[in-house]
Amino acid sequence: MYRREKISIKEKQQIAKKAVELIRNGDMIFLDTSTTNIELAKEIIKRELQITVVSCMLDIAELFTTTKNVNFILLGGQFNRSQNGFLGELTRQMMENFRFDISFMGVVGANLYDNAIMTYVPEDGIMKHNAVKKSSKCYLMMESHKFDFKANYVYATFDDVDGVICEDGLSKEIQDKLETYQTKII
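Residues numbered from 1 in each chain as written. Predicted model: local features only at pLDDT ≥ 70, side-chain atom pairs only at ≥ 80, totals over all residues. Heavy atoms only, no water.

K.L.:
Looking at this structure, I do not really get the sheet that holds strand β11 (residues 163-165). What am I missing?
P.N.:
Hydrogen bonds along the backbone pair up the strands of a sheet, which may run parallel or antiparallel. The parallel open sheet is built from seven strands, whose spatial order is β3-β2-β1-β6-β9-β11-β12. Strand pairing shows two members of the sheet lacking a second neighbour, β3 (71-74) and β12 (184-185), which therefore form its edges. Two elements, strand β9 (residues 135-141) and β11, share three bridges in a ladder whose sense is parallel. Within β11, the position partnered with leucine 140 by the bridge is valine 164. (Pairing = 2+ DSSP bridges. Helix = DSSP H or I, 4+ residues; strand = E, 2+ residues; numbered from the N terminus.)

K.L.:
How should I be thinking about the sheet that holds strand β7 (residues 109-111) in this particular structure?
P.N.:
Spatially, the three strands line up as an open sheet ordered β7-β8-β10, and their pairing is antiparallel. A strand with exactly one partner marks an edge of an open sheet, and here the two such strands are β7 and β10 (153-156). Mean inter-strand twist for the sheet, computed between neighbouring axes without regard to direction, equals 40°. Where β7 lies against strand β8 (residues 116-119), three bridges are found, and the strand directions are antiparallel. Looking across to β8, one finds that glycine 109 is bridged to methionine 118. (Axes fitted to C-alpha atoms, helices over the stretch in contact; angles between N-to-C directions.)

K.L.:
In this structure, what is going on with the nonpolar core? I would like to understand it.
P.N.:
Soluble globular proteins: nonpolar side chains tend toward being buried together. Residues Phe30, Leu140, Phe147 and Phe158 are the most contacted members of the largest nonpolar core, which totals 33 residues. Secondary structure elements with two or more residues in this core: β1 (28-31), β5 (85-87), β6 (100-106), α6 (122-133), β9, β10 and α7 (172-180). Sorting elements by how many residues they give to this core places α6 first, with three residues. Sequence-distant contacts of phenylalanine 147, defined by excluding residues within four places in its chain, comprise Ala110, Leu112, Met142, Phe158, Val164, Cys166, Leu170, Ile174 and Leu178. Within the second largest apolar cluster, 23 residues are counted, among which are Leu31, Ile60, Phe104 and Tyr139. (Core = buried A, V, L, I, M, F, W, Y, C linked by side-chain atoms within 4.5 Å. Buried < 20%, exposed > 50% of the residue type's maximum accessible area, 1.4 Å probe, protein only. Contact = heavy atoms within 4.5 Å.)

The structure is reproduced here in structure tokens:
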């Protein structure tokens with residue numbers, strides 16, 4: 001996790017600054033096991049938002065121990081070291097009765113032509129898929145280079161999400177393709 005957390009840090013911070021603008025006091029949001037969501041958690045704390053955050057990632061849980069503004073709920077289950085969070089059937093069961101105003105989802109890779117949003121770990125993908133389905137709005141948090149990267153487990157399509165939050169620099173081709181899916185670019 002430490003190594004992933006340090007990769008593309010400036011881009012992740014840019015993405016987090018855009019994402020936090022979508023959150024309103026009183027919202028219930030879901031942050032998945034994503035290093036970009038660690039940066040979003042930091043922004044939420046800086047802005048002193050009064051919201052409820054649900055996550056299954058330990059790094060995110062640790063950040064929210066420093067603030068009283070956020071009602072934080074940690075989903076448990078089987079611990080996955082590579083994700084530094086809880087995944088699997090127990091986590092999915094704990095998520096079952098929640099409904100989220102917004103979910104912010106990490107992405108390993110995305111293929112616009114196959115209409116596929118991907119991750120590596122199937123249990124992570126199942127958790128992400130459930131969060132997407134339980135959210136009024138869902139945004140992908142991803143650096144633009146991930147449009148050219150493939151992983152092995154598809155957890156959603158672009159039809160399932162409301163928007164993509166990227167740092168600057170999406171090509172006209174990517175923008176046009178996202179428009180065909182009616183996926184907002186932030």
